[in-house]
Amino acid sequence: MVRRCNRMKVAASGAAMARVNPKEKVERIQAALPGLRALVAPCRVCGRACGVDRTGAEVGYCRADAGDGDHVRWSAAVLHFGEEPMLVGRGGSGTVFFSHCNLRCLFCQNWQISHEGEGRTAHFRELAQAFLDLQAQGAENINLVTPTQYIYPVVQALGLASEQGLSLPVVYNTNGYDAAELVALLGGIVDVWLPDVKYMESPPAFRYSHAANYPEVAQAAVQTMWRQSGPLSMEGDTAGGGVLIRHLVLPENQSGTFEFLLWLKERDMTSAALSLMSQYSPQFRAAECPEINRSLTPKEYEDVVDFAAHLGFEHVLTQEMDSRAVYLPDFNREEPFRR
Ligand code: SF4
């Protein structure tokens, strides 16, 4: 999920789509909150559709406790320089890593926070202040990493911070297991959609993430993001809006990478900015699955990059093969990623 793009084959570009101003964003947030509250109680914001009341004491598959719908738990709020260049710019991406996860892949490199829930719990007012602090530090955007399980308090925090002067683009950095209804509600609140599409087939989605319906849920989410926001648009050197699709290439094509590229092509999405990640390494419980208990080979990665070029993708970001060694996080450090 988190890494540096050492090589940019083609710079993302495209006609800039105007971002809503802070006042309008506040209005959109206020208009969306009732619908978001309804979507978390009973909770159906992700493909699990647990149906628990996230504005009360109940906790679903993600294990995230949002208090009365007003609390969030996060591990770090930092300037991050390891994201794609159009997210980092000069100031760094103002990244907030939320605790717990609705997907919990057994190879997760962020397992300390996603599986074990490391972090601190606070009222959304503190999160709003964290957003403003990142802006004051020079962040290029507010990068919400795995926010779905806290979406109701997160959007309340965005509203409060926007009232107090937050004007940065909001990046929704997600595993893609988001309900299309949620994506629709976040139109005009999220500026840059950053889904990491993980699987195209149910068997690996079940084996590694216990989410057999992941492909259909993620595909619907990505299509909704694309219809809503379209190609990536730039504000100077950094992204101001649109969709940037990540894809972590797994060994043995367990991620269905070739199928995913074909799926995008069939939907006329070759103008989508695509970040193909080579950084997979077996973390956490990956040793339980022999077929993914190794890193990607250079040949496996070159084949998918070549296939993307063959299909005509216009904006492809690639990684060097050593990225995995450089950008493994440790959330026990104050700065999870070494600069
Ligand atoms: S966000 Fe959590 S509680 Fe809500 S549907 Fe997903 S896993 Fe269940």
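Here the structure is shown first, and the text comes after it.
Just so we're clear, the structure is a prediction, and the values are computed from it rather than from any experiment. (Residues numbered from 1 in each chain as written. Predicted model: local features only at pLDDT ≥ 70, side-chain atom pairs only at ≥ 80, totals over all residues.)

Peer 1: I'd like to hear about the site of the ligand, residue by residue, with values.
Peer 2: Near the ligand lie 16 residues; those nearest to it are Cys43, Cys46, Cys50, Gly60 and Cys62. Grouping the amino acids of the shell around the ligand by side-chain chemistry returns nine nonpolar, four polar and three charged. (Near = placed C-beta within 6 Å. Nonpolar A, V, L, I, M, F, W, Y, C, P; charged D, E, K, R; others polar.)

Peer 1: Can you break down helix H9 (residues 257-266) residue by residue, with the values?
Peer 2: Residues of H9 that are buried include every one of Thr257, Phe260, Leu261 and Leu264, and no others. Summarising the axial view, the buried residues of H9 lie within an arc of 100°, below the 170-degree limit, and thus occupy one face. Tucked into the core, H9 has its buried residues touching strand E9 (238-248) and helix H10 (298-311). Just beyond H9, the residue with positive phi is Asp268, at close to 55°. (Buried ≥ 20, exposed ≤ 12 C-beta atoms within 10 Å, placed from the backbone. Helix = DSSP H or I, 4+ residues; strand = E, 2+ residues; numbered from the N terminus. Arc of directions from axis to C-beta. Contact = placed C-beta atoms within 7 Å.)

Peer 1: So what's going on with unusual backbone geometry? Which residues, and what values?
Peer 2: In this model, Ala41 is joined to Pro42 through a cis peptide bond whose omega is 5°. Locating Pro42 in the fold gives a position in the loop between helix H1 (22-40) and strand E2 (71-80). Phi at Asp268 takes a positive value of approximately 55°, unusual for a residue other than glycine. One can find Asp268 in the loop between H9 and strand E10 (273-277). The exposure class of Asp268 is exposed, given the 9 C-beta atoms found within 10 Å. Backbone geometry places Phe284, a non-glycine residue, at a positive phi of 55°. Residue class for Phe284 comes out partly exposed when judged on the 18 C-beta atoms lying within 10 Å of it.

Peer 1: Residues and numbers for the nonpolar core, please.
Peer 2: In this structure, Phe131, Ile151, Val154 and Val249 are the most contacted members of the largest nonpolar core, which totals 101 residues. Apart from the residues within four sequence positions on either side, Ile151 is in contact with Leu36, Val40, Val45 and Leu182. (Core = buried A, V, L, I, M, F, W, Y, C linked by C-beta atoms within 7 Å.)

Peer 1: If you had to explain the packing of H1 against helix H5 (residues 151-163) to someone new, which residues and values would you point to?
Peer 2: Helix-helix packing is described using two parameters, namely the angle between the two axes and the distance between the axes. Direction vectors running N to C along H1 and H5 enclose 160°, while the axes themselves pass 9 Å from each other. With respect to H5, the axis of H1 lies roughly antiparallel. Crossing hand, H1 versus H5: left-handed. Across the interface between the two elements, Pro22, Lys25, Val26, Ile29, Gln30, Ala32, Leu33, Leu36, Arg37 and Val40 of H1 pack against Ile151, Tyr152, Val155, Gln156, Leu158, Gly159, Ser162 and Glu163 of H5. Classifying every residue of the contact of H1 with H5 by side-chain character gives 11 nonpolar, four polar and three charged. (Axes fitted to C-alpha atoms, helices over the stretch in contact; angles between N-to-C directions. Parallel < 35°, antiparallel > 145°, perpendicular 65-115°, else oblique. Left-handed = near helix turned anticlockwise from the far one by under 90°.)

Peer 1: Just give me the short version of the environment of Met321, but keep the residues and values in it.
Peer 2: Along the chain, the position of Met321 falls in the loop between strand E11 (315-318) and helix H11 (323-326). As a C-alpha pair, Met321 and Leu79 span 242 residues in sequence and 24 Å in three-dimensional space. In contact with Met321, not counting residues within four places along its chain, are Ser278, Pro298 and Tyr301.

Peer 1: I'd like a rundown of helix H8 (residues 214-229), residues and numbers included.
Peer 2: Look at H8: 22 Å from first C-alpha to last across 16 residues, which is about the 22 Å you get at 1.5 Å a residue. Looking at the buried positions of H8, the neighbouring elements they touch are helix H6 (180-185), strand E7 (192-195), helix H7 (202-209) and E9. At the exit of H8 stands Gly230, carrying a positive phi of roughly 70°. (Expected span 1.5 Å × (residues − 1).)

Peer 1: Can you tell me about the pairing of E11, naming the residues and giving the values?
Peer 2: As judged from the three bridges shared by E10 and E11, these two strands associate in the parallel manner. In the sheet register, Leu274 faces E11, and the bridge partner there is Val316. Where the polypeptide runs from E10 across H10 and back to E11, its parallel neighbour, the crossover connection is right-handed. (Pairing = 2+ DSSP bridges. Right-handed = clockwise from strand over helix to strand, strands pointing away.)

Peer 1: Could you give me a rundown of the packing of helix H4 (residues 124-136) against H5, with the residues and numbers involved?
Peer 2: Contact geometry for H4 and H5: axes closest at 8 Å, N-to-C directions at 55°. Taken as axis vectors, H4 and H5 run oblique relative to one another. For H4 against H5, the interelement crossing comes out right-handed. Seen from H4, the contacting residues are Phe124, Arg125, Leu127, Ala128, Phe131 and Leu132; seen from H5, they are Pro153, Val154, Gln156, Ala157, Leu160 and Ala161. Classifying every residue of the contact of H4 with H5 gives 10 nonpolar, one polar and one charged.

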